[in-house]
Amino acid sequence: MATDTTSPVQPAGLRESKKQETRQLISDHATRLFIAQGFEQTTIAEIAAAARVAKKTVTNYFARKEDLALDHQDAFIASLAHTVTARRDGESALAALRRAFADAATAMDPVAGFSGPAFARMVAASPTLSTCLRGLHDQREHALAHALAAAVGAPPEDVTVRTAAALLGTVHRILFQRIQDLTLADRPNGEIAETVAAEAVRAFDMLEPALGHYAIA
């Protein structure tokens, strides 16, 4: 009788788990190298060698080198739009975003900008990453405009929708950069969270007259 010598097929859940482990391993080694020697100076080949994978494996998981450094970018881009879409009954877009930022500050969420001094210095020192980060802010504002448009039943190019998205997006850009600046000044996360939470109240209060009753669920 012939014996089946083929390897058993791994369950889909196990395969996905191993993919996630490999992705995280590559990301962790890349971040370590970026911090140690700079983003611009680190090569994909060095990252592959550190993670003990093929160079092609790195590029299969991360299409661009900047994706290795800014690996929360999908969550970042979707964050404001998701908050608006998931706002509570009777809650305006502004109120939902105000509440979400307060929660993010309390949690010291990396998506809000809490990255640690070494990582913040690495990003600030890299022209490539600084440019990429500005692009991510633009994409986040664009996604927010689409969410606001759906909330009020208007096209995304509507001037009111675009203005509201720009105002809300700008406040979040300023708060994100404030967190980065305080981090670069070596202020502890707890102090940063307390500072930006108070400053966020003032910033969002400035939008209240214009947007306090806009896009209410």
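Please refer to the structure placed before this passage.
Here we summarise the structure given alongside this text. (Residues numbered from 1 in each chain as written. Predicted model: local features only at pLDDT ≥ 70, side-chain atom pairs only at ≥ 80, totals over all residues. Heavy atoms only, no water.)

Let us now look at the overall build of the protein. Along the backbone of the protein there are ten helices and zero strands. Reading the protein from its N terminus to its C terminus gives the helix and strand order α-α-α-α-α-α-α-α-α-α. Principal-axis analysis of the C-alpha atoms places the extent of the protein at approximately 75 × 50 × 30 Å. Evaluated residue by residue, the protein yields a buried proportion of 40% over its 217 residues. Across the protein, the fraction of contacts at a sequence separation of at least 24, relative to all contacts at a separation of at least 6, is 70%. When the accessible surface of the protein is split by element, carbon and sulfur atoms take 56% of a total near 11900 Å². In the protein, 22 side chains carry a positive charge and 25 a negative one; their mean positions are 5 Å apart. (Helix = DSSP H or I, 4+ residues; strand = E, 2+ residues; numbered from the N terminus. Buried < 20%, exposed > 50% of the residue type's maximum accessible area, 1.4 Å probe, protein only. Contact = heavy atoms within 4.5 Å. Areas by Shrake-Rupley, 256 points an atom, 1.4 Å probe, with all protein chains shown as cover. Lys, Arg positive; Asp, Glu negative; His and termini not counted. Charge placed at Lys NZ, Arg CZ, Asp CG, Glu CD.)

Despite not being glycine, M108 has its phi angle at roughly 50 degrees, a positive value. Structurally, M108 is set in the loop between α6 (93–107) and α7 (117–124). If you check the backbone angles, D186 has positive phi at about 65 degrees while not being a glycine. Here D186 is to be found in the loop between α9 (159–184) and α10 (189–211).

Glancing now at the packing of aromatic side chains. The geometry of two aromatic rings is summed up by the distance between their centres and the angle between their planes. Summed over the entire model, instances satisfying the criterion amount to three aromatic pairs. Between F34 and F39, the ring centres sit 4.8 Å apart and the planes meet at 55 degrees, which makes this aromatic pair tilted. No difference in accessibility class separates F34 from F39, as the two residues are buried. The interplanar angle of 75 degrees and the centroid separation of 5.7 Å between the aromatic rings of F76 and F176 together place this pair among those described as edge-to-face. Note that F76 is positioned in helix α5 (residues 73–85) and F176 in helix α9, a separation of 100 residues in sequence. Here F76 matches F176 in class, with each residue buried. Positioned above the aromatic ring of F39, the side-chain terminus of K65 is 4.5 Å from the ring centre. (Phe/Tyr/Trp six-rings, centres within 6.5 Å; stacked < 30°, edge-to-face > 60°. Lys NZ or Arg CZ within 6 Å of the ring centre and 35° of its normal.)

Below, the discussion takes up the side chain of E199. Mapped onto the fold, E199 is located in helix α10. Owing to a relative accessible area of 18%, E199 belongs among the buried residues under this scheme. At 2.8 Å, the side chain of E199 and the side chain of R178 are in polar contact. Residues within four places of E199 in sequence aside, it is in contact with L175 and R178. (Polar contact = N/O pair within 3.5 Å; in protein donor to acceptor, adjacent residues only side chain to side chain.)

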